[in-house]
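One-letter residues, chain by chain:
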Amino acid sequence: MTCLKAIVKNSARIIIALGLVIFAFGLYVLWQTVTGDYKNLYINDSDWLKTFQQYGVIIIGLVIFLFGLAGVYGAAKERKKCLLFFFLIGSIIFAIMFFALAGFIKVYTKAVFDKDTTNEPEIFNQIQTGVNAAALLFCHEPCQCYTGEAFNDTQLENFKLTNVTKTDKKLPNDVTQCELYDSTNPTLVAASQFLSAAESLFSCSGWREPIPYYIFSDISRGTTDGKGCFEAAGDFFTSKGNLFLYVFIGFGLLFGFNVLAIILLLCGKDKKKKVGQYYRV
């Protein structure tokens, strides 16, 4: 029983460390959100949903930390079954979550980013339609844009950007700031949600066909890496997919092992201490 308690306690400490890392990353995300222009990453304009997205990673890290803390104190010298049960519930939830993420990467990702366009998801067609509409709007007659000194005159001519300014910073620097941008159009919103993040992460623009300048994020950052976001995202998941797969499987096994260990600990019985008896002579 003592050995089992030590195993649960040490695994709980690992989970505490994991929670702290995620919590710290969440603080970094929050700082980036507060100090930067990340409004395009919001799912919609609902204030409560924006708040959830800003603090979601912090909350997940804090919850994992609390689960781990419950495991450490629950597996103390005198077992606290209530805390162990709380740790058990958390371990089950996160084991399922990490195995599900691993399964998604293994089964779904490669199929989604297949080069064959015959059976691609409908959302991809919506994204392509949104990109086409945004490209006709941004930095053209309907919407003048601010590029700063990101492009020279030759580049502006080659890119066919016909309505730009290099001086007025009040003008839009991404398509979602244009007056004619339709935030109620689900097709356009679907494209902007995904591509604003993809452009920032992968330095790409466009979808199937690459566009040399940013549309859904700050255009004044300059030219892209020359890839469409479909290709860039596919390359990322192809090269990094196995790494994430093994990481998620590892975390799943960690939480799954905890489930077994906690059940054994909850069902086990502590050995009663032997009490010496003293007799009068």
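Structure shown above.
Residues numbered from 1 in each chain as written. Predicted model: local features only at pLDDT ≥ 70, side-chain atom pairs only at ≥ 80, totals over all residues. Heavy atoms only, no water.

Turning to the packing of aromatic side chains, a few remarks are in order. Overall, the coordinates contain 12 aromatic pairs when judged by the stated rule. For the pair phenylalanine 159 and tyrosine 213, a centre-to-centre distance of 6.0 Å together with 35 degrees between the ring planes defines the contact as tilted. Separated by 54 residues along the polypeptide, phenylalanine 159 in the loop between α5 (153-158) and β2 (164-165) and tyrosine 213 in the loop between α6 (186-202) and α7 (229-267) bring together distant segments of the chain. Among the aromatic residues, those joined into a cluster by ring pairs are Phe67, Phe86, Phe94, Phe98, Phe202, Phe236, Phe244, Phe248, Phe251 and Phe255. Just above the ring of phenylalanine 230 sits the side chain of arginine 208; from NZ or CZ to the centre is 3.6 Å. The ring of tyrosine 214 has arginine 221 sitting right over it, with the charged end atom 3.8 Å from the ring centre. (Phe/Tyr/Trp six-rings, centres within 6.5 Å; stacked < 30°, edge-to-face > 60°. Helix = DSSP H or I, 4+ residues; strand = E, 2+ residues; numbered from the N terminus. Lys NZ or Arg CZ within 6 Å of the ring centre and 35° of its normal.)

Taken as a whole and assessed by the stated rule, the structure comprises 3 disulfides. Residue cysteine 139 pairs covalently with cysteine 145 via a disulfide, S to S 1.9 Å. The sign of the 115 degrees torsion about the S-S bond sets the cysteine 139-cysteine 145 disulfide as right-handed. Accessibility expressed as a relative area gives 0% for cysteine 139, which makes it buried. Cysteine 204 shares a disulfide with cysteine 229; S-S distance 2.1 Å. One disulfide, between cysteine 204 and cysteine 229, carries an S-S torsion of 100 degrees and so falls in the right-handed class. Taken together, the positions of cysteine 204 in the loop between α6 and α7 and cysteine 229 in helix α7 put the pair 25 residues apart, joining distant regions of the chain. (Disulfide = S-S within 2.5 Å. Buried < 20%, exposed > 50% of the residue type's maximum accessible area, 1.4 Å probe, protein only.)

Time to look at helix α4 (residues 122-137). Between its terminal C-alpha atoms α4 stretches 23 Å, which fits the 22 Å expected from 16 residues at 1.5 Å a residue. Taken together, the buried positions of α4 are Phe124, Ile127, Gly130, Val131, Ala134, Ala135 and Leu137. What you see down the axis of α4 is that its buried residues fit within an arc of 155 degrees, all on one side. Summarising the geometry of α4, the exposed residues directed more than 90 degrees from the buried face are Glu122 and Leu136. One or two steps after α4, the chain reaches cysteine 139, where phi turns positive at roughly 65 degrees. (Expected span 1.5 Å × (residues − 1). Arc of directions from axis to C-beta.)

Attention now moves to the nonpolar core. The biggest cluster of nonpolar side chains holds 32 residues, and the ones touching the most others in it are Phe138, Val175, Leu195, Trp207, Tyr213, Ile215 and Phe216. Only α4, α6 and α7 provide two or more residues apiece to this core. For valine 175, the residues in contact, after removing those within four places along its chain, are Ala134, Leu137, Phe138, Tyr181, Ile215 and Phe216. Formed by 28 residues, the second largest nonpolar core is a distinct cluster that contains Ile16, Ile105, Phe255 and Ala261. (Core = buried A, V, L, I, M, F, W, Y, C linked by side-chain atoms within 4.5 Å. Contact = heavy atoms within 4.5 Å.)

Following the sequence through the fold, alanine 100 ends up in helix α3 (residues 81-112). Given a relative accessible area of 47%, alanine 100 falls into the partly exposed group. For the pair formed by alanine 100 and phenylalanine 248, sequence separation is 148 residues and the distance between their alpha carbons is 8.7 Å.

Time to look at the pattern of salt bridges. Between side chains of opposite charge, a pair can form as their charged atoms come close. Inspection of every chain in the model, using the stated rule, returns 2 salt bridges. Measuring nitrogen to oxygen at the nearest pair gives 3.5 Å for the salt bridge that ties lysine 166 to aspartate 153. Placement of lysine 166 in the loop between β2 and α6 and of aspartate 153 in helix α5 is noted, with a sequence separation of 13 residues between them. Lysine 227 is paired through a salt bridge with aspartate 235; the nearest N and O atoms lie 2.8 Å apart. (Salt bridge = Lys/Arg side-chain N within 4 Å of Asp/Glu carboxyl O.)

On to the side chain of serine 217. Relative to the elements of secondary structure, serine 217 occurs in the loop between α6 and α7. Among the polar contacts listed, one links the side chain of serine 217 to the side chain of glutamate 199, at a separation of 2.6 Å. At 2.8 Å, the side chain of serine 217 and the side chain of arginine 221 are in polar contact. (Polar contact = N/O pair within 3.5 Å; in protein donor to acceptor, adjacent residues only side chain to side chain.)

Moving on to a nonpolar patch on the surface. Among the surface-exposed residues, Phe85, Ile89, Ile92, Ile93 and Ile96 lie close enough to one another that they form a single nonpolar patch of about 450 Å² accessible area. Looking at where isoleucine 96 falls in the secondary structure, it is placed in helix α3. You can call isoleucine 96 exposed: its relative accessible area is 55%. (Patch = residues over 30% accessible without salt bridge, like charges linked within 9 Å, V, L, I, M, F, W, Y side chains within 5 Å. Areas by Shrake-Rupley, 256 points an atom, 1.4 Å probe, with all protein chains shown as cover.)

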